Each structure stands twice: as structure tokens, then as C-alpha cells.
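This is what each chain is made of:
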Amino acid sequence: MGTRKLAIMALLVAIGVAGSAFVSFPAGIARAYPVQHAVNVASAIFLGPVPAIMIAFVTAIIRILTGTGSLLAFPGGMIGAALAGMLFQRTGRVWAAALGEMMGTGVIASLLSVPYAAILMGSSVGAFFFLPPFLISSVSGAIIGAVLAARLLNHPIGRRLQHL
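On a predicted model such as this, the values are computed, not experimentally measured, just so you know.

**Some words on the overall build of the chain**
Right, so step 1: Across its full length, the chain carries seven helices and two strands.
Right, so step 2: Ordered by position in the sequence, the α and β elements of the chain form the string α-β-β-α-α-α-α-α-α.
Right, so step 3: A globule of 164 residues ought to have a C-alpha radius of gyration of about 15 Å, and the chain, at 15 Å, matches this closely.
Right, so step 4: Considered along the principal axes of its C-alpha atoms, the chain spans approximately 50 × 30 × 25 Å.
Right, so step 5: Within the chain, the fraction of its 164 residues that count as buried is 45%.

Encoded structure:
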């Protein structure tokens, strides 16, 4: 991995952490942090699935340590980033990356969070407890990320980012 790619990854982690501190809104029983989902989509498109997962992981660790995230940031961020990256690699379409983020975080991660929360957080909730807030957060962030990435892809800087 080159120095430029690592620097871009660090910048995206910083955006994810700072964004979670400043941009959120109520989503049912929880708060939605759409910036992380936008970062997942952008990193999946420009850097690929493995760097996107790494960015989501490091962002989750920092958010947990700073008190702006919970243990649910791990499955939510990493599964969405992985699926966004894989779908973009297969199709080359921005909308596919956004759909991957929505399905990965909004559906798959929300369902996997139930046993995860029971084991690590002592929570006992129903199977669909996390689905509404995860979906609201991931859909709003994925749309933002897709719009930004689509605009960047039409710019020379965006095309250079894809070839790091």
C-alpha cells in the first residue's frame, strides 16, 4: 500500500470521526450518523473493499474510544463497507456501492447486531430491533456518499483517486 493511499485512508478516517461528532439526527430509538456511511461508499468506490473495511474498523475504534460510537459501529460499518466495495468492483456502478452499503449495514449488520449486542453489551432485544435506525442511517449516508462520489468521478481528482 502506497503512502498516498494510506494518507487518503487516514483522511477518510478523520472525516468519519469528525462527522460523527458533528452530524447526527434522531432515528427512532437511536441516533443516525450518516457521515460514516458516506465515507464507506466513497472509500469503497475509490479505494476498494479491503481499504474501506480498514477505514470503517479504525473509525469505529476511534469513535468508541472518544465516546461518539458504540460497539455496534463494528458490524455496522465494516459489513456495509465490504458489501459496497464488492458490489462496486463487480459492477463499476456508484448506485451498486450505495445499495451495498444500505443492504450491508441497514439489513445484514442490523440483524447480526442482535446476538452481538446480547453477547458483548448484555442487551436482549428482538430480531428487528436495530433494523429501523440502521436503515435510516445507512440510506441517508449512502445517498450522500453516492452523490459525492459520482460528482468526484467526473473530476480529474476523482479519477486519480481510483488509480492509487
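After that view, the rundown keeps rolling.
**Side note on the nonpolar core**
Right, so step 1: Membership of the largest hydrophobic core comes to 27 residues, with the highest contact counts inside it found for Ile45, Phe46, Leu47, Ile55, Val94 and Ala97.
Right, so step 2: Sorting the residues of this core by element identifies helix H1 (3–22), helix H2 (34–46), helix H3 (49–66), helix H4 (73–91), helix H5 (94–121) and helix H6 (131–153) as the ones contributing at least two each.
Right, so step 3: Looking at which element gives the most residues to this core, the answer is H2, with seven residues.
Right, so step 4: Among all residues touching Ile45, those that are not within four sequence positions of it are Phe88, Val94, Ala97, Ala149, Leu153 and Gln162.
Right, so step 5: Among the nonpolar cores identified, the runner-up in size contains five residues, and Leu72, Val114, Phe130 and Phe134 belong to it.

**Side note on the packing of H3 against H4**
Right, so step 1: It is at 8 Å that the axes of H3 and H4 come closest, and there the two elements cross at 165°. What the angle tells us is that H3 and H4 run roughly antiparallel. H3 and H4 meet at a crossing whose hand is right-handed. Each of Pro49, Ala52, Ile53, Ala56, Phe57, Ala60, Ile61, Arg63 and Ile64 in H3 lies in contact with H4, whose residues at this interface are Ala73, Phe74, Gly77, Met78, Ala81, Ala82, Gly85, Met86 and Gln89.
Right, so step 2: A breakdown of the residues in the contact of H3 with H4 according to their chemical character gives 14 nonpolar, three polar and one charged.

**Quick notes on a nonpolar patch on the surface**
Right, so step 1: Taken together, the side chains of Phe57, Val58, Ile61, Ile62 and Leu65 present a nonpolar region at the surface, about 410 Å² in accessible area.
Right, so step 2: Counting through the fold element by element, Ile62 comes out in helix H3.
Right, so step 3: Its relative accessible area of 30% is what places Ile62 among the partly exposed residues.

**Some details on the packing of H2 against H3**
Right, so step 1: The interhelical angle for the contact between H2 and H3, taken along N-to-C directions, is 155°, at an axis separation of 8 Å. As the angle between them shows, H2 and H3 are arranged roughly antiparallel. H3 is crossed by H2, and the crossing has right-handed handedness. Residues Gln36, Val39, Asn40, Ser43 and Ala44 of H2 lie in contact with H3, whose contacting residues are Ala52, Ile55, Ala56 and Thr59.

**Here's the deal with H6**
Right, so step 1: Over its 23 residues, H6 runs 31 Å from end to end, which matches the ideal 33 Å to within 8%, given 1.5 Å per residue.
Right, so step 2: All of the buried residues along H6 are Pro133, Phe134, Ser137, Ser138, Gly141, Ala142, Gly145, Ala146, Ala149 and Leu153.

**Focus: the side chain of Gln36**
Right, so step 1: Mapping Gln36 onto the fold places it in helix H2.
Right, so step 2: Look at Gln36 and you get buried, because its relative accessible area is 7%.
Right, so step 3: Polar side-chain contacts of Gln36 include one of 2.7 Å to the side chain of Asn40.
Right, so step 4: Each residue touching Gln36, except ones within four places of it in the same chain, is listed here: Gly16, Ala56 and Thr59.

**Some remarks on the packing of aromatic side chains**
Each aromatic ring pair is specified by the distance between its two centres and by the angle formed by the two planes.
Right, so step 1: Tallied over the entire structure, the rule returns one aromatic pair.
Right, so step 2: Aromatic side chains Phe57 and Phe74 sit 5.5 Å apart centroid to centroid with 40° between the ring planes, which places their arrangement in the tilted category. Taken together, the positions of Phe57 in helix H3 and Phe74 in helix H4 put the pair 17 residues apart, joining distant regions of the chain.
Right, so step 3: Taking NZ or CZ as reference, Arg63 lies 4.8 Å from the ring centre of Tyr33, over its face.

Rules used throughout
Residues numbered from 1 in each chain as written. Predicted model: local features only at pLDDT ≥ 70, side-chain atom pairs only at ≥ 80, totals over all residues. Heavy atoms only, no water. Helix = DSSP H or I, 4+ residues; strand = E, 2+ residues; numbered from the N terminus. Rg over C-alpha atoms; globule rule 2.2 N^0.38 Å. Buried < 20%, exposed > 50% of the residue type's maximum accessible area, 1.4 Å probe, protein only. Core = buried A, V, L, I, M, F, W, Y, C linked by side-chain atoms within 4.5 Å. Contact = heavy atoms within 4.5 Å. Axes fitted to C-alpha atoms, helices over the stretch in contact; angles between N-to-C directions. Parallel < 35°, antiparallel > 145°, perpendicular 65-115°, else oblique. Left-handed = near helix turned anticlockwise from the far one by under 90°. Nonpolar A, V, L, I, M, F, W, Y, C, P; charged D, E, K, R; others polar. Patch = residues over 30% accessible without salt bridge, like charges linked within 9 Å, V, L, I, M, F, W, Y side chains within 5 Å. Areas by Shrake-Rupley, 256 points an atom, 1.4 Å probe, with all protein chains shown as cover. Salt bridge = Lys/Arg side-chain N within 4 Å of Asp/Glu carboxyl O. Expected span 1.5 Å × (residues − 1). Polar contact = N/O pair within 3.5 Å; in protein donor to acceptor, adjacent residues only side chain to side chain. Phe/Tyr/Trp six-rings, centres within 6.5 Å; stacked < 30°, edge-to-face > 60°. Lys NZ or Arg CZ within 6 Å of the ring centre and 35° of its normal.

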